Amino acid sequence: MKDIARQSMSIKVESMDLLNGQIKMEAHASATYLAMASWCEQNGFFTSAKFFFKQAEEEREHMMKIFNFLVDTGGNPISPEVTGINHDYSSIVDVFESTLEHEVKVTKSIHNIVKKARELGDFATERFLDWFVMEQIEEENTVRDILDMIEVTGTEGVGLQMIDNKVLDWID
């Protein structure tokens, strides 16, 4: 009887499947932000590169939080295969617009998992995701602030250097 209790999961299977999808999304984000950091380095946006290196680490930390939560709840976390990483961007504006698009997708995914967990009565998963809901507000606002700053400074001449230097405000 003890073995059955040890093998049972406290997480709902549907929640686990959605969280495994989120693990893959966070891993993809981490790899994408590494590609963006590389693009920034190659194009002279060294401060922006630091920003994206930091973002890549954060996304991996998010992935690991979810992975460990699944372990803790008796679930089966899946180590994701990451493919389809874009390495080509037309401009620093393109990089940050792509970042915002991605963060909005992540937010929608997190909200979907919270909604499903609530429907399933999976209170542990819902509570666990509270931190991610608030984190996404911060992530989206940061990128929107950077895009607003780009719009104000422009992307001609000195404006590009000002953009890169100002990104330093969003690191740490």
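Keep in mind that this is a model prediction, so the values were computed, not measured.

Re the overall build of the protein chain
- Helix and strand content of the protein chain: 6 helices and 0 strands.
- Each helix and strand of the protein chain, placed in order from N terminus to C terminus, yields the pattern α-α-α-α-α-α.
- For the protein chain, the proportion of its 172 residues judged to be buried stands at 42%.
- In the protein chain, of all internal contacts separated by at least 6 residues, the share reaching a separation of at least 24 is 76%.
- Here the protein chain has roughly 9500 Å² of accessible surface; of this, 53% comes from carbon and sulfur atoms.

Examining helix α4 (residues 92–120)
- Its 29 residues give α4 an end-to-end C-alpha distance of 42 Å, which sits within 8% of 42 Å, the value for a rise of 1.5 Å per residue.
- Just beyond α4, the residue with positive phi is G121, at close to 70°.

Remarks on the UniProt feature "binding site: Fe cation" (unreviewed entry) in the protein chain
- According to UniProt, the feature "binding site: Fe cation" (unreviewed entry) maps to E26, E59, H62, E103 and Q136 in the numbering used here. Their sequence span is 111 residues, while the largest C-alpha to C-alpha distance among them is just 12.9 Å; these annotated residues converge on one region.
- Since its relative accessible area comes to 0%, E59 is described here as buried.
- With sequence-adjacent residues up to four places away left out, E59 is seen in contact with E26, A29, S30, Y33 and E103.

Cut-offs used in this document
- Residues numbered from 1 in each chain as written.
- Predicted model: local features only at pLDDT ≥ 70, side-chain atom pairs only at ≥ 80, totals over all residues.
- Heavy atoms only, no water.
- Helix = DSSP H or I, 4+ residues; strand = E, 2+ residues; numbered from the N terminus.
- Buried < 20%, exposed > 50% of the residue type's maximum accessible area, 1.4 Å probe, protein only.
- Contact = heavy atoms within 4.5 Å.
- Areas by Shrake-Rupley, 256 points an atom, 1.4 Å probe, with all protein chains shown as cover.
- Expected span 1.5 Å × (residues − 1).
- UniProt positions renumbered as here; feature names shortened; annotations may be inferred.

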